[in-house]
Amino acid sequence: MPYATITGWGKCLPPAILTNDDLSTFINTSDEWIRPRTGIQQRHISHVGTAELASVAAKRALAAAGLEGKDVDMIILATASPDTLIPNIASTVQANIGAHCAAFDINAACSGFLYALGLASAQIRSNQCQRVLVIGAERLTFYLDWSRRETAVLFGDGAGAAILEATDKEEGVLAYELNNDPAGRDILKTSFGTSMDRFSAESLDFFIQFDGQEIFKRAITDMGKLSKKVLAKCHLDKDEVDLVIPHQANERIIDTLVSRMKIDKEKAFVNIANYGNTSAATIPIAICDAIEQGRIQPGQTILSCAFGAGLTSAATVIKWGERVTPLASTDAKLPPCEQTGLELAKRAADYFCSRAQQRE
């Protein structure tokens, strides 16, 4: 039975950046309030759709693997913020990279990339596919009510991608665990969907809603539980883990998670300061950053875990292969952005603040 190893990786961050100080110009907040509570210093705001972010990340992952779109047998795109529901945006990426294969979206919120990684691994290990492109891409700022401090400070936009290929070597995705707790569906949600009354202006208030304290507790519990389970499946002790790449939702969640698992804090990779929570994109972006920073080395054992709306949770163990340098590069990039992050956010902020004043 073949294994599914990661041979290519790529990320795409929109150029416009919104800092905590920028946010303080139109929300009652400050860097001193945001950073200690979340670890976030800035986030990227996209001027293009989710599919375009995903396409650039995909092209960069393909180049890193030395492949072209036609070489891919399947595309799995994890997102909770697609440009269109019908058709899926994996088909847009497919057209943009010139692939001829199955392509579909999945929505497991922040756990989406690890869900997709597990599905891709299963396709390869069952000999259904030789190469699968897995993408996590989000434009969560679309959902934000910028007048609500509790959510406006948390999220950002971006995409990351990975190429999984069949190999006879015991490396790549060694095991994965997926779970969902439907009892917590209302803890983290947005009302966007066909349940909306499209004839009512009030139904357009489909902003992200969540119970922060409950999410904090459940995220640590569920990610910890699945992490221990997937390590046991691989007959690995926590001390054999070289690097932990957790979902980047809140730095305090990450600190508490590794502390309770009795894993050295230095083994946890954290990049939330630069991006905020990009949901399904956080883990593939973190993988790219970890490679760039030399934190991922050949043969390392990597534990990754995530938690999201649903309430979904996931964990996987990856044994990294021999290569940590791209085979090639690409000139793929986003179109120029003529606005700053503050300008992009301010238009929506003015709208939502005026709506809030009308309700009062």
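Whatever comes next refers back to the structure up there.
This section reports on the structure supplied with the text. Remember, predicted model here, so these are calculated numbers, not experimental data. (Residues numbered from 1 in each chain as written. Predicted model: local features only at pLDDT ≥ 70, side-chain atom pairs only at ≥ 80, totals over all residues. Heavy atoms only, no water.)

1. Side note on the side chain of serine 46
Selection criterion: Working definition: helices are DSSP H or I runs of at least four residues, strands are E runs of at least two. Numbering for both runs from the N terminus. We call two N or O atoms a polar contact when they sit within 3.5 Å, provided that within protein one can donate a hydrogen and the other can accept it, with sequence-adjacent residues counted only if both atoms are side-chain atoms. Contact between two residues is taken to exist if any of their heavy atoms lie within 4.5 Å; hydrogens are not considered.
Structurally, serine 46 is set in the loop between β3 (42–44) and α3 (50–65). Among the polar contacts made by the side chain of serine 46, one reaches the main-chain carbonyl oxygen of valine 48 at a distance of 2.8 Å. If we ignore the near neighbours within four places in the chain, the residues touching serine 46 are Pro14, Leu53, Arg139, Asp157 and Leu344.

2. Section: the packing of α3 against helix α4 (residues 90–97)
Condition: Fitted lines through C-alpha atoms serve as axes, helices being fitted only where they are in contact, and the angles separating the N-to-C directions of these axes extend from 0 to 180 degrees. Any angle that is under 35 degrees is reported as roughly parallel, and any over 145 degrees as roughly antiparallel; angles of 65 to 115 degrees are reported as roughly perpendicular and all others as oblique. Left-handed describes a crossing whose near helix is turned anticlockwise from the far helix through less than a right angle; right-handed describes the clockwise counterpart. Throughout, the ten residues Ala, Val, Leu, Ile, Met, Phe, Trp, Tyr, Cys and Pro are labelled nonpolar, Asp, Glu, Lys and Arg are labelled charged, and all others, Gly among them, are labelled polar.
One way to put it is that α3 packs onto α4 with a least axis distance of 9 Å and a crossing angle of 50 degrees. In this view, α3 runs oblique relative to α4, as classed from their interaxial angle. α3 and α4 meet at a crossing whose hand is right-handed. Residues Ala51, Ala54, Ser55, Ala58, Lys59 and Leu62 of α3 form the contact with α4, whose own contacting residues are Thr92, Val93, Asn96 and Ile97. Each residue belonging to the contact of α3 with α4 can be placed in one class, and the counts come to six nonpolar, three polar and one charged.

3. Observations regarding the pattern of salt bridges
Selection criterion: In what follows, salt bridge is the name for a side-chain nitrogen of Lys or Arg lying within 4 Å of a carboxyl oxygen of Asp or Glu. Throughout, exposure labels follow a simple rule: accessible area from a 1.4 Å probe, protein chains only, divided by the maximum for the residue type, with under 20% read as buried, over 50% as exposed, and the rest as partly exposed.
This structure, assessed with the given rule, holds 15 salt bridges. In this structure, glutamate 165 engages arginine 131 in a salt bridge whose closest nitrogen and oxygen atoms are separated by 2.9 Å. Residue glutamate 165 is found in strand β7 (residues 157–167), and its partner arginine 131 is found in strand β6 (residues 131–139); the two are separated by 34 residues along the sequence. Classification of glutamate 165 by relative accessible area gives buried; the value is 14%. Residue arginine 131 is classed as partly exposed on the basis of its relative accessible area, which comes to 26%. By sharing partners, the salt bridges in this structure join Asp181, Glu214, Lys217 and Arg218 into a single network.

4. Quick look at the layout of surface pockets
If a probe as big as a water molecule is rolled over the atoms, it shows which places are left empty. What counts is decided by this rule: Only protein atoms enter the calculation, which uses a 1 Å grid: trapped sets of points that fit a 1.4 Å probe without letting it out are cavities, open sets showing protein on both sides within 12 Å along at least five of seven lines are pockets, and any residue with an atom within 4 Å of a point is a lining residue. Grid points are joined across faces, edges and corners, and a volume is the space filled by probe spheres set on the points.
Estimates place the volume of the largest pocket at around 700 Å³. Lining the largest pocket are 28 residues, with Ala80, Asn107, Lys189, Thr190 and Ala309 sitting closest to its centre. Only β5 (102–106) and β9 (188–189) provide two or more residues apiece to the lining of the largest pocket. Residues belonging to the lining of the largest pocket are distributed by class as follows: 14 nonpolar, 10 polar and four charged. One number sums up the size of the second largest pocket: a volume of about 590 Å³.

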